[in-house]
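# Structural overview for review
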Amino acid sequence: MISGDDVQREIDGQTVATLLRRNADEYGDQPALSSHWGPDRTTLTWAEFREHVAAVTHGLAELGLATGDRMLIMASRRPEHWIVDQAAMHLGGIPCTTYDTLSTEQIAFVARHSAAPLVVIEGAEQLARWLPALPDLPNLAKIVVIDEDAIPTGDSRFVSYREVHEKGAAVHANAPERFEQLTDSIRPEQPVCMIYTSGTTGDPKGVVISHHNVLSAGASVHVVHPLPLHGKSVAYLPLAHIAERMLGVYLLIFRAGHATLVADHTQLVPALQGVRPFGLFGVPRVWEKMTAALQGGLGALPEEQAAGVRMARDAALEAWRLGSEGKPLPDELKAKLAALDEKALLPIRTMIGLDQLHRGGNSGAAPIPVAVLDFLASIGIPVLEVWGLSETTGAVTENIPNSYRVGSVGQALPGSEIKLGEDDELMVRGPLVFLGYLQEDGSVKPDTDADGWLATGDIGRIDEDGFVFVTDRKKELIITSGGKNIAPTKVEGLLRAHPLIGQAVAIGDTRPFVTALIVLDDETAPLWARARGIGETDLALLAKHPDVLAELESAVVAANSVLSKVEQIKKYEVLTTVWTPESGELTPTLKLRRRVITDRYSQAIEALYA
C-alpha cells in the first residue's frame, strides 16, 4: 500500500527551483515550452528556459522585487508568462496570476489587497483595464509590459519586458553563480505562488501555497498513477486556476514535461490534433461541449457505419461500468473491445487528437453529469473525476483507472486525510493544505483548526471503500421554505446534460419549490436547429421557438424523472442572453456567480413564484 512516506521520499529536500535546475542539467536538450503546434511552432528547451528565468530574475531584482513581495501577472498563455512567474519565485517573491477577464474594479481590489509593488501585463487589451485603476494603487511602483508597443509615453513606472530581460541577462552573464545561490537559498516551506479564489459567493481571497504543497501534490499523483517523463501536454486553462498552475507549471517541472501553450482556449481542438497529449484535464463545461459536438457528428453517420460504432460503444460502456463496480473484465469482453475499438472508436479519438490519451482524462472544479462520463467512456475516453480546492493545492482525491467509482471524486491521495465534519462537511488534513490566506498587512493566516483540519465548504459522504462523493457546496445548498435541503448542482447538472442547454441555475432557497433559469448553448443550439430544418440561428429567437421550447420541456421532464419530488423543477424560464465571465454571470472557471444571477434576474425569478 502506498503511504505518505512514499510521497515525501519523492521530493525530499527539493523545491521547484532545484527541480528546474535538475531539468536544465539532466534534460537540457529536451523541449519544455512550445508556442503553436503547426509550422509556426517555437520551442524552448529546459536549458534555454532556465537561462531566460535567470535573466528575468536579475531584471526583476533591479526593479526592487524582494522576498515576500507579491507580484501580479495578467497575461495569456505565452512563454514570458511562465518565465516571469518562475523568476519572481527565485527571488522569494510570491507570483500571482490574475484572471485575464477581470474588470477594472476587480483589478483594483486584487491589486490593493495584494499590495503588489510590481505587476506584469501583456499588452494594450489588459492595459486598458489597468490604467483607470492605477491612481488608487499607491503601493504599485513598476509595471512591466510584455508587448512594449502598448507602453504609454511619459510614465516612468512602465518598463518593457525586453528591457528587464536584457538588463538581467547582462548581470547573469557576469556572475552566473548568483542565480545558483538564489536557487539554493529557497526553502520548501516558502511560498511558491498565490491564487485568488474566483469569488462565487463573496470577495476573492488570496490563497498562499508553498513549494512543499505543490511538490507533495505532484508526487502524490505520480505514485498512485505514474506520470510519464517528458510527457506532452497542452496548457489552455488560465494560470490563475489551480488546475493549470499544477498541471502546466509544477507537474511540468516535476516530470520535465513538454507543454504546448494555447493562448486562446477556443483553439483547444486544433492544439490537441497537433500535440496528441498523454492526458487532458477539463472543467465539466469542456467535456460537455466535446460530448455535444461528438454526439452531433455520430448522429450524421451513415447507418452501416453507425451500427458498427454502436456495437463498439456498447462494449466500451460495459467495460467502463464493470470497472466502476470494481469487477474484472472477462477475457471475451477484452478481446471484443480491442478489436472493435481499433476499427470503430480509435478513428473518432484520432480525429479530435485524443488517440494518445494513455492517462485518460480528468474532470474537476464542479460536478459533471454521469451521462457525459458514460458517453465519453463509450468512445474510449475515460474521464475520471477529481476533487480539490485552491486551498488543497488542487486535487486531494482522485479516481484512477484501476480504482474508480462513477459519480464519486475518488479516494484520498497518499498522505492526505479526509473526514466528515458537522453537517457532513468534508474536512482535509495533510501536506496539500495551503499555508493560509494573505491578510491586508501582508501576513499569511492559516485556516485550519487546532488539529490541522481544513473545512472545505463542500458537503459529501465517504463510502466504505474510501470513495468520496461531493453533493454540494455548503454555502450553495437550497433550503426550501418547507425545510428541505436540496443540492442545486445536482439539478443543474441533469439539465446541462442536454446539448441544447449551456447553463442552468436552480432557484429555491426559502421558496416553496424549485425553479430554474435556463440558457441555451451558443454553439450547439444553432447546430441543433439547423439539423432540424429550423432556419433561425439567432439565440434570442431560438429561445422562443416552439420546437426548441418543446425540446427543453422534454429535457426538464427527463431531469425530473430522476429527481425526488422536492428536488423537481416546477417552473422554469428560458433566457435570451448568453452567460459568460465577461457578462458577469460566470466566474473565469465557468462556475455560476449565484449572487449576480439572482440580483440580475430578480424579476424573472419573482415571476416564476407569482
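Because the structure is a prediction, the values reported are computed rather than measured.

Right, let's get into the overall build of the protein chain. Along its length, the protein chain carries 21 helices and 27 strands. In summary, the protein chain has a C-alpha radius of gyration of 25 Å against a globular reference of 25 Å for 610 residues, a match within 12%. Counting only C-alpha atoms and orienting by the principal axes, one finds that the protein chain spans roughly 70 × 60 × 55 Å. Out of the 610 residues in the protein chain, the part that is buried amounts to 54%. Within the protein chain, contacts between residues at least 6 apart in sequence are counted, and of these 67% link residues at least 24 apart. Separation of charge centres in the protein chain, based on 55 positive and 79 negative side chains, amounts to 3 Å.

Time to look at the pattern of salt bridges. With the rule as written, the count across this model stands at 31 salt bridges. Glu122 is paired through a salt bridge with Arg78; the nearest N and O atoms lie 2.9 Å apart. Here Glu122 is found in the loop between strand E5 (118–121) and helix H6 (124–130), whereas its partner Arg78 is found in the loop between strand E3 (70–74) and helix H4 (79–90), with 44 residues between them in sequence. With respect to burial, Glu122 and Arg78 carry one shared label: buried. Between Asp465 and Arg405 there is a salt bridge, with its nearest N and O atoms 3.5 Å apart. With a gap of 60 residues between them, Asp465 in the loop between strand E21 (454–462) and strand E22 (468–473) and Arg405 in the loop between strand E15 (394–398) and strand E16 (411–412) connect regions that are remote in the sequence. Ionic contacts of the salt-bridge type, sharing partners, join the residues Arg285, Glu288, Lys289, Arg496, Asp521, Asp522 and Glu523 into one network.

Reading across the sheet, the 5 strands line up as E4-E3-E5-E6-E7 and stay open at both edges, with parallel pairing between neighbours. Edge positions in the open sheet fall to strand E4 (94–97) and strand E7 (158–160), since each of these has one partner strand only. Put simply, the sheet's adjacent strands are angled 25° from each other on average, direction ignored. Note: strand E6 (residues 142–145) against E7, 3 bridges, orientation parallel. By the bridge assignment, Val144 is partnered in E7 with Val159. Contacting E6 and E7, helix H7 (residues 161–174) crosses the sheet at an angle of about 65° to E7.

Most of strand E8 (residues 191–196) is tucked away: 5 of the 6 residues are buried. Across 5 bridges, E8 lies against strand E9 (residues 206–210) in antiparallel orientation. Residue pairing in the sheet places Cys193 in a bridge with Ile209 of E9.

What follows deals with the domain arrangement of the protein chain. The domain boundaries assigned to the protein chain delineate domain 1 (4–186 + 210–269), domain 2 (282–356 + 360–426 + 462–473) and domain 3 (478–609). When each unit is reduced to the centre of its C-alpha atoms, the spacing between domain 1 and domain 2 is 32 Å. Counting from both sides, the interface comprises 16 residues of domain 1 and, opposite them, 15 residues of domain 2. Its largest share of buried area at the contact with domain 2, domain 1 owes to Val224, His225 and Ile242, together 36% of the area lost on that side.

Next up on the list: the side chain of Ser160. Looking at the secondary structure, you find Ser160 in strand E7. Ser160 sits in the buried class, given a relative accessible area of 4%. Separated by 3.0 Å, the side chain of Ser160 and the backbone nitrogen of Glu163 make a polar contact. Filtering out sequence-adjacent residues up to four positions away, Ser160 remains in contact with Val144, Val145, Glu148 and Ile151.

Further remarks concern unusual backbone geometry. The backbone of His36 sits at a positive phi, close to 70°, despite the residue not being glycine. Position of His36 relative to the elements: it lies in the loop between strand E1 (31–35) and strand E2 (42–45). In this model, Asp424 sits at a positive phi of 60°, which is unusual for a non-glycine residue. Residue Asp424 is classed as partly exposed on the basis of its relative accessible area of 40%.

Let us now look at the nonpolar core. Phe49, Leu60, Met71, Trp82 and Ile209 are the most contacted members of the largest nonpolar core, which totals 75 residues. Looking at this core, the element that brings in the most residues is helix H10 (residues 242–254), giving 8 residues. The residues that make up this core include at least three from each of domain 1 (4–186 + 210–269) and domain 2 (282–356 + 360–426 + 462–473). Once residues within four sequence positions are removed from consideration, Phe49 is found in contact with Leu20, Ala32, Leu33, Leu44, Trp82, Ile83 and Gln86.

Quick reminder: α-helices carry 3.6 residues per turn. Residues three or four places apart thus point the same way. Buried residues dominate helix H15 (residues 370–378), accounting for 7 of its 9 residues. For H15, the full list of buried residues reads Val372, Leu373, Asp374, Phe375, Leu376, Ala377 and Ser378. Elements in contact with the buried residues of H15: helix H12 (284–299), helix H13 (303–324), helix H14 (331–351) and strand E14 (383–389). Gly380 lies just past H15 and shows a positive phi near 90°.

Reading guide: rules and limits
- In this convention, every chain numbers its residues from 1, walking through the sequence in written order.
- With pLDDT at 70 or above as the cut-off, local features in this predicted model cover only qualifying residues; side-chain atom pairs require 80 or more to be listed or tallied, and sums for whole chains, interfaces and linings still use all residues.
- Calculated side-chain values reflect all of the structure's heavy atoms, with hydrogen atoms and water omitted.
- For the purposes of this entry, the term helix denotes a DSSP run of H or I that reaches at least four residues, the term strand denotes a run of E that reaches at least two, and both are numbered from the N terminus.
- Note that the radius of gyration is over C-alpha atoms, with the globule rule given as 2.2 Å times the number of residues to the power 0.38.
- Whether a residue is buried, partly exposed or exposed follows from its accessible area with a 1.4 Å probe, protein chains only, as a fraction of its type maximum: under 20%, in between, or over 50%, in that order.
- Note on contacts: a residue pair is in contact if any heavy atoms of the two residues lie within 4.5 Å.
- The charge count includes Lys and Arg as positive and Asp and Glu as negative, but it does not include His or the ends of the chains.
- Charge positions are represented by NZ for Lys, CZ for Arg, CG for Asp and CD for Glu.
- Every case where a carboxyl oxygen of Asp or Glu lies within 4 Å of a side-chain nitrogen of Lys or Arg is listed as a salt bridge.
- Note on pairing: two strands pair once DSSP finds at least 2 bridges between them.
- For helices, the fitted line uses only the C-alpha atoms of the stretch in contact; every axis is such a line through C-alpha atoms, and the angle between N-to-C directions lies from 0 to 180 degrees.
- For every domain, the bounds stem from an assignment made automatically or drawn from a database.
- When two parts are brought into contact, each loses some accessible area as probed by a 1.4 Å sphere; the total of that loss over both is the buried area.
- Polar contacts here mean pairs of N or O atoms no more than 3.5 Å apart (in protein, one a potential hydrogen donor and the other a potential acceptor; neighbouring residues in sequence count only if both atoms are side-chain atoms).
- The criterion is simple. A nonpolar core is a set of buried Ala, Val, Leu, Ile, Met, Phe, Trp, Tyr and Cys residues joined through side-chain atoms within 4.5 Å.

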